[in-house]
Amino acid sequence: MTQKNNPGASAISLLLGAAVGLACGTAAALFLYGLSSVTAAREGNPWLLWLLPVGGACMSWMYLRWGRQAARGNSLLFASIRSGQDDIPLRMGPMVLFGTWMTHLLGGSAGREGTALQLGGSLAAGIGRLLRVPQTETRLLLLCGISGGFGAVFGTPVAGVVFAFEIAGFRLLTPMRLLSALTASFVGHLTALAWGASHPHYSIGPVPFADLGLLLRVALAAVAFGLVARLFVRLLASTRTLLLRLVPQVVWRSVIGGLLVIALTYVCGSRDYLGLSLPLLSASFDAPAEAGSFVWKLLFTVVTLGSGYPGGEVTPLFVIGAAFGSSLAGVLSAPPALLAGVGMVSVFSGAARAPLACVALGIELFGCDGALYLLVGCVLSALLAGSGGLYRPPGSSSGVPRVDQTVQRLK
């Protein structure tokens, strides 16, 4: 489908973007509705936490039995975009949807982004096969799927597009791919809203446009955000690698992870760190958070995801960053809401190595008033977080995490 000087091909690309966005928005609305339902069920039935090891074992067996390539998750998506070759199975979407619901129903600490990306990517690939789209347009479809999934689940369509290209590589950016991805992301966002999906809103409060003293304090906080992001990425990778070596059977890894989450719950004496932890995120904007709250959320998330439970990293990183930033308010004499907002997107920026997407995310979530502080926080955090990341670890030129390569060797 050559798009150069071909208005017909360009129109088809935009229509494909709209079709992918419609599918992503519908799937995102279903996902968010189910997520809200299972979270309410878990909070109303605390005993469900004791089923986490059993549920994890069942989910791991499901992926082992039917997952195949789908088990690679986000790694497969971005590797396919970069190479233009790997096939994305349609089963990836329903499997990660069901798996993430189960993780949250039983108390695992995970997020939504992994599910959003995999839903979007698998639906986009499925639409491509259904319409017999040429293999040369695989990248276009997957970029639309990632943009549409991210934009619909978080309610941030511009950030969804920037995220897709920043992680996949800006060398893939062409005017038509950009327009198609924007179409997919905005159509996905509007479709999710039309189905009744809603997104939480947070305020960083009134902030001066460019207060040099406050800007310097935010920069100091950004250094800490980058170090926390680096800690999260390395601890997650180390946990996965250690469990892979000590427990070769994937089913038993999930059982052990579930037992560890239960133990952490009783050690810290709180259930605030199970699931998405949105109340903790919201509270961080209202008053300074307790100093250790971000550490607990980090540990719960590393254990959950490191032992193989389905879900994403982004919302936990939002919570970790917001709680950490809010806890620094007293030390840095800065508004808790501002540091919570900057920390929320900056820790994700450092972990994903996606500062541009996170600046766009912050502006869409909080408005333009704090744009300068968001820019400083996201860029410094990404610079100080190291050379690797959630989607491209150190030493991986292909974009496929080394843990996937380790899995293949152990198999």
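Just so it is clear, the structure is predicted and the values come from calculations on it, not from any experiment. (Residues numbered from 1 in each chain as written. Predicted model: local features only at pLDDT ≥ 70, side-chain atom pairs only at ≥ 80, totals over all residues. Heavy atoms only, no water.)

**So, the overall build of the protein chain**
Right, so step 1: Helix and strand counts for the protein chain stand at 18 helices and zero strands.
Right, so step 2: At 20 Å, the protein chain has a C-alpha radius of gyration in line with the 22 Å of a compact globule built from 411 residues.
Right, so step 3: Principal axes of the C-alpha set define a box for the protein chain whose edges measure 60 × 50 × 40 Å.
Right, so step 4: Across the 411 residues in the protein chain, those meeting the buried criterion constitute 59%.
Right, so step 5: Of the contacts formed within the protein chain by residues at least 6 apart in sequence, a portion of 79% connects residues at least 24 apart.
Right, so step 6: Summed over all atoms, the accessible surface of the protein chain reaches about 16,400 Å², with 66% contributed by carbon and sulfur.
Right, so step 7: Across the protein chain, the 26 positively charged side chains and the 14 negatively charged ones have centroids separated by 14 Å. (Helix = DSSP H or I, 4+ residues; strand = E, 2+ residues; numbered from the N terminus. Rg over C-alpha atoms; globule rule 2.2 N^0.38 Å. Buried < 20%, exposed > 50% of the residue type's maximum accessible area, 1.4 Å probe, protein only. Contact = heavy atoms within 4.5 Å. Areas by Shrake-Rupley, 256 points an atom, 1.4 Å probe, with all protein chains shown as cover. Lys, Arg positive; Asp, Glu negative; His and termini not counted. Charge placed at Lys NZ, Arg CZ, Asp CG, Glu CD.)

**Brief notes about the nonpolar core**
Right, so step 1: Among the nonpolar cores identified, the biggest contains 113 residues, and Phe 78, Phe 163, Phe 232, Phe 285, Phe 348 and Tyr 391 are the most heavily contacted of them.
Right, so step 2: Take this core: its biggest share by element is twelve residues, from helix α9 (residues 212-246).
Right, so step 3: In contact with Phe 348, other than residues within four places in its own chain, are Phe 150, Phe 163, Val 314, Leu 317, Phe 318, Arg 353, Cys 358, Leu 361 and Tyr 391.
Right, so step 4: Core analysis: the next-biggest nonpolar cluster, separate from the first, contains ten residues, Ile 127, Val 133, Leu 140 and Leu 141 among them. (Core = buried A, V, L, I, M, F, W, Y, C linked by side-chain atoms within 4.5 Å.)

**Considering unusual backbone geometry**
Right, so step 1: Despite not being glycine, Ser 333 has its phi angle at roughly 50 degrees, a positive value.
Right, so step 2: Looking at where Ser 333 falls in the secondary structure, it is placed in the loop between α14 (329-332) and α15 (336-352).

**Digging into the environment of Pro 206**
Right, so step 1: Tracing the backbone through its elements, the reader meets Pro 206 in the loop between α8 (175-194) and α9.
Right, so step 2: A relative accessible area of 84% means that Pro 206 is categorised as exposed.
Right, so step 3: Residues Pro 206 and Val 228, 22 residues apart in the sequence, show an inter-C-alpha distance of 27 Å.

**Examining the packing of helix α5 (residues 113-130) against helix α6 (residues 138-154)**
Right, so step 1: α6 packs onto α5 with a crossing angle of 140 degrees between their chain directions and a minimal axis gap of 7 Å. Accordingly, the angle class assigned to the pair α5 and α6 is oblique. Considering only the axes of α5 and α6, their crossing is right-handed. Residues Glu 113, Ala 116, Leu 117, Gly 120, Gly 121, Ala 124, Ala 125 and Gly 128 of α5 pack against Leu 141, Leu 142, Gly 145, Ile 146, Gly 149, Phe 150, Val 153 and Phe 154 of α6.
Right, so step 2: Tallied by class, residues from the contact of α5 with α6 come to ten nonpolar, five polar and one charged. (Axes fitted to C-alpha atoms, helices over the stretch in contact; angles between N-to-C directions. Parallel < 35°, antiparallel > 145°, perpendicular 65-115°, else oblique. Left-handed = near helix turned anticlockwise from the far one by under 90°. Nonpolar A, V, L, I, M, F, W, Y, C, P; charged D, E, K, R; others polar.)

**What to know about the packing of aromatic side chains**
Right, so step 1: For the coordinates displayed, the defined rule picks out 13 aromatic pairs.
Right, so step 2: Taken together, a centroid distance of 5.7 Å and an interplanar angle of 40 degrees make the contact between Trp 50 and Tyr 266 tilted. Pair noted here: Trp 50 is in the loop between α1 (7-44) and α2 (52-67) and Tyr 266 is in helix α10 (residues 250-268), with a separation of 216 residues, a long-range link.
Right, so step 3: Ring geometry for Phe 318 against Phe 348: centres 5.9 Å apart, planes inclined by 80 degrees, an arrangement best described as edge-to-face. Residue Phe 318 is located in helix α13 (residues 314-327), and its partner Phe 348 is located in helix α15; the two are separated by 30 residues in the primary sequence.
Right, so step 4: Look at Phe 318 and you get buried, because its relative accessible area is 3%. (Phe/Tyr/Trp six-rings, centres within 6.5 Å; stacked < 30°, edge-to-face > 60°.)

**Focus: the packing of helix α11 (residues 278-286) against α15**
Right, so step 1: Direction vectors running N to C along α11 and α15 enclose 135 degrees, while the axes themselves pass 6 Å from each other. When the axis of α11 is compared with that of α15, the two are oblique. For the pair formed by α11 and α15, the contact residues are Leu 281, Ser 284 and Phe 285 on the first element and Pro 336, Ala 337, Ala 340, Gly 341 and Met 344 on the second.
Right, so step 2: Of the residues contributing to the contact of α11 with α15, the split by class is six nonpolar, two polar and no charged.

**Things to note about the confidence of the model for the protein chain**
Right, so step 1: This prediction gives the protein chain a mean pLDDT of 88; 92% of its residues lie at or above 70.
Right, so step 2: When the criterion is pLDDT under 50, residues 393-411 qualifies, and its contacts beyond four places in sequence or with other chains add up to 29 contacts. (pLDDT = per-residue confidence, 0-100.)

**Regarding α2**
Right, so step 1: Three or more residues of α2 are buried, namely Leu 52, Pro 53, Gly 55, Gly 56, Ala 57, Met 59, Ser 60, Met 62, Tyr 63 and Gly 67.
Right, so step 2: Against α4 (92-106) and α10 lie the buried residues of α2.
Right, so step 3: Arg 68 occupies a position one or two residues after α2 and carries a positive phi of about 50 degrees.

**Brief notes about the state of the cysteines**
Right, so step 1: For the structure shown, the criterion picks out zero disulfides.
Right, so step 2: Summary of cysteine pairing: Cys 24 is not part of a disulfide, and the nearest cysteine sulfur, belonging to Cys 144, is at 8.7 Å. (Disulfide = S-S within 2.5 Å.)

**Observations concerning α5**
Right, so step 1: With 18 residues, α5 extends 25 Å between its outermost C-alpha atoms, agreeing within 8% with the 26 Å of an ideal straight helix rising 1.5 Å per residue.
Right, so step 2: The buried fraction of α5 is high, at 15 of 18 residues.
Right, so step 3: Of the residues trailing α5, Arg 132 is marked for its positive phi of about 55 degrees. (Expected span 1.5 Å × (residues − 1).)

**A closer look at the environment of Ala 125**
Right, so step 1: By the secondary structure assignment, Ala 125 is in helix α5.
Right, so step 2: Using a relative accessible area of 13% as the deciding quantity, one classes Ala 125 as buried.
Right, so step 3: Distance from Ala 125 to Gly 160, taken between C-alpha atoms, is 18 Å for residues 35 residues apart in sequence.
Right, so step 4: Not counting chain neighbours up to four residues away, the residues in contact with Ala 125 comprise Ile 88 and Leu 142.

**Description of a nonpolar patch on the surface**
Right, so step 1: Residues Val 223, Leu 227, Leu 375, Val 379, Leu 383 and Leu 384 make up a contiguous nonpolar surface patch of roughly 490 Å² in combined accessible area.
Right, so step 2: Going through the elements one at a time, α9 and α17 (371-384) are the ones with two or more residues in the nonpolar patch.
Right, so step 3: Mapped onto the secondary structure, Leu 383 falls in helix α17. (Patch = residues over 30% accessible without salt bridge, like charges linked within 9 Å, V, L, I, M, F, W, Y side chains within 5 Å. Salt bridge = Lys/Arg side-chain N within 4 Å of Asp/Glu carboxyl O.)

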